[in-house]
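Chain by chain, the residues run as shown.
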Amino acid sequence: MAIEPSAPASPGFPDTPCVPAGDWQALHQAVATCQRCALAKTRRNVVIGRGNPKARLLIIGEAPGEQEDLQGQPFVGKAGQLLENMLAAAGINSEQEVYICNVIKCRPPGNRNPAADEIAHCQDYLRWQIDTLQPHLIVALGRFAAHTLLQSQVAISSLRRQVHQAHGVPLLVTFHPAYLLRSPAEKAKAWQDWCQVRSLLASSN
Ligand code: URA
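A short tour of the structure in this document, coming up. Just so we're clear, the structure is a prediction, and the values are computed from it rather than from any experiment. (Residues numbered from 1 in each chain as written. Predicted model: local features only at pLDDT ≥ 70, side-chain atom pairs only at ≥ 80, totals over all residues. Heavy atoms only, no water.)

### Some words on the packing of aromatic side chains
Part 1 of the argument: Going through the model one piece at a time under the given rule, you end up with three aromatic pairs.
Part 2 of the argument: Taking 5.5 Å as the distance between ring centres and 45° as the angle between the ring planes, the aromatic pair formed by W24 and Y99 counts as tilted. One end of the pair, W24, is in helix α1 (residues 24-32); the other, Y99, is in strand β3 (residues 98-102), and 75 residues separate them in sequence.
Part 3 of the argument: The interplanar angle of 85° and the centroid separation of 4.9 Å between the aromatic rings of W24 and W128 together place this pair among those described as edge-to-face. Of this pair, W24 sits in helix α1 while W128 sits in helix α6 (residues 116-133), and the two are 104 residues apart along the sequence.
Part 4 of the argument: With relative accessibility at 5%, the residue W128 sits in the buried group. (Phe/Tyr/Trp six-rings, centres within 6.5 Å; stacked < 30°, edge-to-face > 60°. Helix = DSSP H or I, 4+ residues; strand = E, 2+ residues; numbered from the N terminus. Buried < 20%, exposed > 50% of the residue type's maximum accessible area, 1.4 Å probe, protein only.)

### Side note on the packing of α6 against helix α7 (residues 142-150)
Part 1 of the argument: α7 packs onto α6 with a crossing angle of 80° between their chain directions and a minimal axis gap of 12 Å. In terms of orientation, α6 and α7 fall into the roughly perpendicular class. The residues of α7 that touch α6, namely those facing I119, Q123, L126 and I130, are F144, T148 and L149.
Part 2 of the argument: Among the residues forming the contact of α6 with α7, the class breakdown is five nonpolar, two polar and no charged. (Axes fitted to C-alpha atoms, helices over the stretch in contact; angles between N-to-C directions. Parallel < 35°, antiparallel > 145°, perpendicular 65-115°, else oblique. Contact = heavy atoms within 4.5 Å. Nonpolar A, V, L, I, M, F, W, Y, C, P; charged D, E, K, R; others polar.)

### Some details on the nonpolar core
Part 1 of the argument: Counting 62 residues, the largest nonpolar core has L57, I59, I60, L149, W194 and V197 as its most contacted members.
Part 2 of the argument: Looking at which element gives the most residues to this core, the answer is α6, with seven residues.
Part 3 of the argument: Once residues within four sequence positions are removed from consideration, I60 is found in contact with C101, N102, V103, L126, I130, I138, V139, A140, L141, A145 and L149. (Core = buried A, V, L, I, M, F, W, Y, C linked by side-chain atoms within 4.5 Å.)

### Comments concerning helix α4 (residues 78-89)
Side chains three or four residues apart in an α-helix point the same way, a direct result of the helix having 3.6 residues per turn.
Part 1 of the argument: Between its terminal C-alpha atoms α4 stretches 17 Å, which fits the 16 Å expected from 12 residues at 1.5 Å a residue.
Part 2 of the argument: Considered for burial, the residues of α4 that qualify are A79, G80, L82, L83, M86 and L87. Angular distribution of buried residues about the axis of α4 spans 160°; they occupy a single face of the element. In α4, the exposed residues that point more than 90 degrees away from the buried face are K78 and A88.
Part 3 of the argument: Buried residues in α4 make contact with β2 (57-61), α5 (94-97), β3, β4 (137-141), α9 (177-182) and α10 (187-202).
Part 4 of the argument: Phi turns positive one or two residues past the end of α4, at G91, with a value near 75°. (Expected span 1.5 Å × (residues − 1). Arc of directions from axis to C-beta.)

Bear in mind that shape data such as this cannot, by itself, settle questions of function.
Printed below as a string of structure tokens:
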């Protein structure tokens, strides 16, 4: 059964593909040599994504942190560990069933928030990933991912629990794991969200 979106959205992505469709090597080459914004000067590594490129679930975070910048992989620090724990608790195998990436592919210095121009310059890489992966479901972690994908400024607490749509793909919003590390009382709500992810995935075969 297909997952039906309950709220339409206009994702507002650029129309021009950044690299040929489906060519992961070309995407990696384009991002690794990207000089579109000032983050190219301070990054140690670009962080493109990890997981199964055939996964039905695409998880999108905000931006690489220090560990991710060092290792060139998304969600490998403390927030990543919490994300892995939540996926495992929800019975979702992160290596086989998930592809994980971020809205922006380079670390903002000092883990500051991504700037609007940095998000804009990176959007067609993210769009390429969504188009190529063709996931059945996207989970947006936190406000930057949700606001970028939904072109909305609505608070996460109001965006949760609804099936939105981004670029033709059903999308759920949940708290960013870094926020949950700072606000553990919200973990119970995040657990509800991951249970919804699991049941939507189960119904999308
Ligand atoms: N936070 C994110 O949003 N992405 C990462 O890859 C790591 C931490």
